[in-house]
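Summary of structural features
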Amino acid sequence: MTDNAVKNAPKLWAGRFSQETDALVHQFNASLSFDKRLWPYDIEGSLAHVKMLGKCGIIPIEDAQTIVEGLETLAADLGSDAVALDLGAEDVHMAVETLLTQRLGPVAGKLHTARSRNDQIATDIRLYVKDAIADLDEKAERVQSRLVELASQHLDTLLPGVTHLQHAQPVRLAHHLLAYFWMLSRDRERLADSLKRTDRLPLGAGALAGTTFPIDRHFVAEELGFSSVIENSLDAVSDRDFAIETVSAVSILMMHLSRLSEELILWSSPEFGYVEMGDNVTTGSSIMPQKKNPDVAELLRGKTGRVYGDLTALLTIMKSLPLAYNKDMQEDKEPLFDALDTASISLAVLHTLLGNITFKTDRMAGALRGDFSTATDLADYLVRQELPFRQAHEVVGKIVGRCVAEGRALEDLSAADLVEASPLFQGVDAAALISPRGSADARAAYGGTGRGAVEAQLVRAQSWLEAFGLAA
Ligand code: ARG
């Protein structure tokens, strides 16, 4: 026995060992500090397992019943903090089993029949991820509803649509906001898809090769609400692709949130002034009394990088691992939990942020004045007079060049100026052609920014929200 030996946490696997574990090794090896949050899933999995053991006659039915009652009471006691996990235990499985054994005595030892921590942990995380996906889905839905609400309030608000951050063509604010709605719809679809592959039962795989006992995995799957059973015991205990796939969907979702956040940050700067954030969702400076900072949006942007890090960690931990279980895989928990926690609070806080912003529609309208963002409309007009688009582009390019040189805007051009540039402009209603509203409304084709098209899009967004549901 070394000086570092841990005496307070007996190992359930200690039979073949003659020395106690070095304290530092114990600390390095232990996962309880981060896997303890899995205890409700661990107990849920154990309940299904022990019921199956009883039903299949693998252990006496009375013993199964005793263990079921013990687990149920333990779950209630852990839930109400009447009892706590022993922090000296190696991991959540050991901590739960130790508590059960303290309460039931040796019969508790029958629970681990036909089971290994390898299929146990795979089951716990899958149950956990299923719940986390449901949570993210619900929170993403709330953000979508808010976007729909804001879009319906801003059907008639126009702002400069930009490419390369340069004014391009006028768009409806509703249209702009709904772009994020559809991104989130795909994020939810991706999560739902990941859920299908997460929703498969690994339990019954044993350590790696299956079990010598006549278990009923389909019964366990049904008890736990898994829609199918993993076919191959080696695969069941040693893959974490479901976690990687989920965190990958979460990373894409965060990427979307970071883009919206970035726009809100830009838009709340005095140069844009398109958005005013409420005092309840901004923060001040310790030195500059005038400051009101968009910290929430900045953190959403920053946390996106953190979630990408989690994804990279998971991919790298799993890379090149030989079959079957390897202890490396214990390292999956922290990045997985971190990504799911981060996305969950990010969606919740974004919902709050979006509920406490005011769009400065006058600033948006002002930004459209003299910004040449309806130049394409002039070219399109010439095309309707049967000039090939490339020539029309050239004519209007010259008009813009001249305006810039003379310090004028498109709005300043008279009908005569236009006719001078091209006789095809004869008789045109220049003001209507050049107005941002006319420009936006002319984009009436499906998916465009015309009023009718955006109204129809809003209806489809609402129907999407009503129709979408998580499959599992
Ligand atoms: N704490 C372990 C993990 O998270 C549980 C599985 C341990 N299995 C083992 N053979 N040591 O991966």
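Residues numbered from 1 in each chain as written. Predicted model: local features only at pLDDT ≥ 70, side-chain atom pairs only at ≥ 80, totals over all residues. Heavy atoms only, no water.

**Points about the overall build of the protein**
Scanning the protein for helices and strands turns up 19 helices and six strands. Its C-alpha atoms give the protein a radius of gyration of 31 Å, more than 25% over the compact-globule value 23 Å for 472 residues. Dimensions of the protein, computed from C-alpha atoms along their principal axes, come out at roughly 100 × 55 × 40 Å. The buried share of the protein, reckoned over its 472 residues, is 49%. Just so you have it, the protein exposes about 22,100 Å², and 54% of that area is on carbon and sulfur atoms. Distance between charge centres in the protein, computed from 46 positive and 66 negative side chains, equals 2 Å. (Helix = DSSP H or I, 4+ residues; strand = E, 2+ residues; numbered from the N terminus. Rg over C-alpha atoms; globule rule 2.2 N^0.38 Å. Buried < 20%, exposed > 50% of the residue type's maximum accessible area, 1.4 Å probe, protein only. Areas by Shrake-Rupley, 256 points an atom, 1.4 Å probe, with all protein chains shown as cover. Lys, Arg positive; Asp, Glu negative; His and termini not counted. Charge placed at Lys NZ, Arg CZ, Asp CG, Glu CD.)

**Some details on the packing of aromatic side chains**
Across all of its chains, the model carries nine aromatic pairs by this definition. A ring pair is formed by Trp464 and Phe468, whose centres lie 4.6 Å apart and whose planes are at 10°; its orientation type is stacked. Assigned by exposure class, Trp464 and Phe468 land together as buried. Grouped by ring-pair contacts, the aromatic residues Phe181, Trp182, Trp464 and Phe468 constitute a single cluster. Geometry around Phe17 places Arg16 over its ring, the cationic atom sitting 5.7 Å from the centre. (Phe/Tyr/Trp six-rings, centres within 6.5 Å; stacked < 30°, edge-to-face > 60°. Lys NZ or Arg CZ within 6 Å of the ring centre and 35° of its normal.)

**Details of the layout of surface pockets**
Put simply, the largest pocket is a space of about 290 Å³. Those elements that provide at least two residues to the lining of the largest pocket are β1 (158-163), α7 (173-198) and α10 (241-267). Of all the elements, α10 adds the most residues to the lining of the largest pocket, at five residues. Of the residues contributing to the lining of the largest pocket, the split by class is 11 nonpolar, two polar and three charged. (1 Å grid on protein atoms, 1.4 Å probe; cavity = no way out; pocket = protein on both sides within 12 Å on 5 of 7 lines; lining within 4 Å. Points joined across faces, edges and corners; volume = space filled by probe spheres on them. Nonpolar A, V, L, I, M, F, W, Y, C, P; charged D, E, K, R; others polar.)

**Details of the site of the ligand**
All residues in the neighbourhood of the ligand are listed as Ser31, Asp91, His93, Arg117, Asn118, Ile121, Tyr325, Gln330 and Lys333. The separation between a nitrogen atom of the ligand and a polar side-chain atom of Gln330 is 2.8 Å. Lys333 is positioned such that a nitrogen or oxygen atom in its side chain is 2.6 Å from an oxygen atom of the ligand. When the ligand is considered free in solution it has 340 Å² of accessible area, and contact with the protein chains removes 87% of it. Element by element, the count of residues in the shell around the ligand is highest for helix α6 (residues 117-153), at three residues. Partitioned by chemical class, the residues of the shell around the ligand number two nonpolar, four polar and three charged. (Near = heavy atom within 4 Å. Polar contact = N/O pair within 3.5 Å; in protein donor to acceptor, adjacent residues only side chain to side chain.)

**A short note on the packing of helix α14 (residues 375-384) against helix α15 (residues 389-406)**
Packed helices, taken two at a time, are described by the angle their axes make and the gap between the axes. Two numbers describe how α14 lies on α15: the axes approach to 8 Å, and their chain directions differ by 140°. If you check the angle between α14 and α15, you find them oblique. You can see that α14 and α15 cross each other, and the crossing is right-handed. Between α14 and α15, the contacting residues are Ala375, Leu378, Ala379, Asp380, Leu382 and Val383 on the first element and Phe389, Ala392, His393, Val395, Val396 and Val400 on the second. Across the contact of α14 with α15, the residue classes tally to 10 nonpolar, one polar and one charged. (Axes fitted to C-alpha atoms, helices over the stretch in contact; angles between N-to-C directions. Parallel < 35°, antiparallel > 145°, perpendicular 65-115°, else oblique. Left-handed = near helix turned anticlockwise from the far one by under 90°. Contact = heavy atoms within 4.5 Å.)

**A look at the packing of helix α5 (residues 92-104) against α6**
It is the contact of α5 with α6, at a shortest axis distance of 10 Å, that shows an interaxial angle of 105°. Comparing the axis directions of α5 and α6 gives the class roughly perpendicular. Note on element contacts: α6 touches α5 through Arg117, Gln120, Ile121 and Asp124, opposite Val92, His93 and Met94. The residue inventory of the contact of α5 with α6, partitioned by class, reads three nonpolar, two polar and two charged.

**Some thoughts on the pairing of β1**
Strand direction decides the pairing type here: β1 and strand β2 (residues 166-172), joined by six bridges, are antiparallel. Looking at β2, one finds that Leu158 is bridged to Arg172. Connecting the antiparallel pair β1 and β2 is a turn made up of two residues, with His164 showing a positive phi of about 55°. (Pairing = 2+ DSSP bridges.)

**Some thoughts on the pattern of salt bridges**
Applying the stated criterion across every chain yields a total of 31 salt bridges. Salt-bridge contacts for Arg306 lead to Asp338; the nearest nitrogen and oxygen are separated by 2.3 Å. Of the two residues, Arg306 sits in helix α11 (residues 295-318) while Asp338 sits in helix α12 (residues 333-354), which places them 32 residues apart along the sequence. On the accessibility criterion, Arg306 (41% relative accessible area) is partly exposed. Judged by relative accessible area, Asp338 falls into the buried class, the value being 16%. As a salt-bridge pair, Glu406 and Arg408 come within 3.0 Å of each other at their nearest N and O atoms. Through salt bridges with shared partners, one network takes in Asp156, Arg172, Asp441, Arg451 and Glu455. (Salt bridge = Lys/Arg side-chain N within 4 Å of Asp/Glu carboxyl O.)

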